Amino acid sequence: MTHELWKKHRPRTLSEVVGQIQAIAVLSKMIERKEVPHALLLVGPSGVGKNTIARILRNVIGCDRHEYYEINCARDGALEEIRSIPQRMLAAPLSGKCRCWFLDEFQSLSRAGFAQQSLLDALEETPKHVWFFLATTDPSKIIRAIKTRCTLIQLEPIKSDVLVELMQGIAEKESIKVGPGVLDLIAQESGGSAR
């Protein structure tokens, strides 16, 4: 289905991620040195690769998909899940060699002042088998104590020419014919988002 193309063509490796040259270079060095930080803060607008990069890193560190927990902090019930993390992270993984939490829309926790505080100890005393990937579109809403416990990875809006090239490649793979100027218009209206 055409509305699922962004999922079908989601990058599987860092080399497939487009428009994030600096971030990918930094992450690649970390991977090469086997020094992926246990707490990363992925910052950038919607649709530029925060979730995708977290999933790629999950594979890099050897985290089994059953031990990878994605929490959208903007949805109801997220706070209870986050409060349970410090206790849950103490247990050894049941499958694979590590556990990983991806906390999307992390800035949403600013609505409840204590919500971000509840994760501080977990970020400060992270066991060797646990990783945290936090993602936000608005870092100004994240408390300083969280920021200082994370390694920041800044993602940028993707440039129009990069998006056009990406869409051309997908259109060819999907045998989709696109009229002249259409991809340029889509890229301009995308707000720098590949999604």
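Thresholds applied
Residues numbered from 1 in each chain as written. Predicted model: local features only at pLDDT ≥ 70, side-chain atom pairs only at ≥ 80, totals over all residues. Heavy atoms only, no water. Axes fitted to C-alpha atoms, helices over the stretch in contact; angles between N-to-C directions. Helix = DSSP H or I, 4+ residues; strand = E, 2+ residues; numbered from the N terminus. Parallel < 35°, antiparallel > 145°, perpendicular 65-115°, else oblique. Left-handed = near helix turned anticlockwise from the far one by under 90°. Contact = heavy atoms within 4.5 Å. Nonpolar A, V, L, I, M, F, W, Y, C, P; charged D, E, K, R; others polar. Pairing = 2+ DSSP bridges. 1 Å grid on protein atoms, 1.4 Å probe; cavity = no way out; pocket = protein on both sides within 12 Å on 5 of 7 lines; lining within 4 Å. Points joined across faces, edges and corners; volume = space filled by probe spheres on them.

Novice: Would you explain the packing of helix H8 (residues 160-173) against helix H9 (residues 182-189) in this entry?
Specialist: Helix packing for two helices is described by the angle between their axes and how far apart those axes are. Two numbers describe how H8 lies on H9: the axes approach to 9 Å, and their chain directions differ by 130°. As summarised for this structure, H8 and H9 are arranged oblique, according to the angle between their axes. The crossing of H8 and H9 is right-handed. Here Ser-160, Leu-163, Val-164, Met-167 and Gln-168 of H8 lie close against H9, whose contacting residues are Leu-183, Asp-184, Ile-186, Ala-187 and Gln-188. A per-class count over the contact of H8 with H9 returns 6 nonpolar, 3 polar and 1 charged.

Novice: Help me understand the sheet that holds strand E4 (residues 130-136) in this model?
Specialist: Think of a sheet as strands paired side by side through backbone hydrogen bonds, with each pair either parallel or antiparallel. The 5 strands lie next to each other as E2-E3-E4-E1-E5, forming an open sheet whose pairing is parallel. Because the sheet does not close on itself, it has two edges, and the strands there are strand E2 (68-72) and strand E5 (151-154). The average angle at which neighbouring strand axes cross in this sheet is 15°, direction not considered. The strands touched by helix H2 (residues 21-32) are strand E1 (39-43) and E5; relative to E5, the strand with the most contacts, the crossing angle is about 140°. Here helix H4 (residues 78-88) sits on the sheet in contact with E2, strand E3 (99-104) and E4, set at roughly 150° to E2.

Novice: Is there a simple way to think about the layout of surface pockets in this case?
Specialist: Any space left empty among the atoms is revealed by the rolling of a water-sized probe across them. In this structure, the largest pocket encloses a volume near 1,100 Å³. Trp-6, Leu-166, Ile-170, Ala-194 and Arg-195 are the residues nearest the centre of the largest pocket, which is lined by 42 residues in total. If one sorts the elements of the lining of the largest pocket by residue count, H8 sits on top with 9 residues. Residues of the lining of the largest pocket, tallied by class, amount to 20 nonpolar, 12 polar and 10 charged. Reported here for the second largest pocket is a volume of approximately 340 Å³. Lining the second largest pocket are 15 residues, with Gly-19, Gln-20, Ile-21, Gln-22 and Glu-156 positioned closest to its centre. At the level of secondary structure, the elements contributing two or more residues to the lining of the second largest pocket comprise H2 and E5. When grouped by side-chain class, the residues that make up the lining of the second largest pocket number 9 nonpolar, 4 polar and 2 charged.

Purely geometric stuff here, so don't read any function into it on its own.
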